[in-house]
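One letter stands for each residue in the lines below.
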Amino acid sequence: MCIPHGTTGTTSNGYMKKDKPKKSIKRVSKEKFEKGDPDFIDERTKAYEPKKNESFFSSFFEE
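Just so it is clear, the structure is predicted and the values come from calculations on it, not from any experiment.

Student: A description of the overall build of the chain should follow, citing residues and the corresponding values.
Tutor: Looking only at helices and strands, the chain has two helices and zero strands in total. Going through the 63 residues of the chain one by one, you find that 0% of them count as buried. Of the roughly 8,200 Å² of accessible surface on the chain, a fraction of 55% belongs to carbon and sulfur atoms.

Student: Run through the pattern of salt bridges, naming residues and quoting values.
Tutor: Taken as a whole, this structure holds one salt bridge when the rule is applied. Between Arg-44 and Asp-42 there is a salt bridge, with the nearest N and O atoms lying 2.9 Å from each other.

Student: Would you mind going over a nonpolar patch on the surface in detail, with residue names and values included?
Tutor: Where nonpolar side chains cluster on the molecular surface, the patch consists of Phe-56, Phe-57 and Phe-61 and spans about 410 Å² of accessible area. Relative to the assigned elements, Phe-56 resides in helix α2 (residues 56–60).

Quick notes on the rules
- Residues numbered from 1 in each chain as written.
- Predicted model: local features only at pLDDT ≥ 70, side-chain atom pairs only at ≥ 80, totals over all residues.
- Heavy atoms only, no water.
- Helix = DSSP H or I, 4+ residues; strand = E, 2+ residues; numbered from the N terminus.
- Buried < 20%, exposed > 50% of the residue type's maximum accessible area, 1.4 Å probe, protein only.
- Areas by Shrake-Rupley, 256 points an atom, 1.4 Å probe, with all protein chains shown as cover.
- Salt bridge = Lys/Arg side-chain N within 4 Å of Asp/Glu carboxyl O.
- Patch = residues over 30% accessible without salt bridge, like charges linked within 9 Å, V, L, I, M, F, W, Y side chains within 5 Å.

If you want it as structure tokens, here you go:
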């Protein structure tokens, strides 16, 4: 017996979906957003260096 796509079946498989607590992110004040966090500590170990856009062969044959 075929059931059309727009209808739901009458039998239940017994699965009950558990309610998860909603995730929320605390909103940052406008002053902190614009000026940055004064308590921020930069923990990076090395400076940022952008990757070079080279072809495969130039990087392969480089000495």
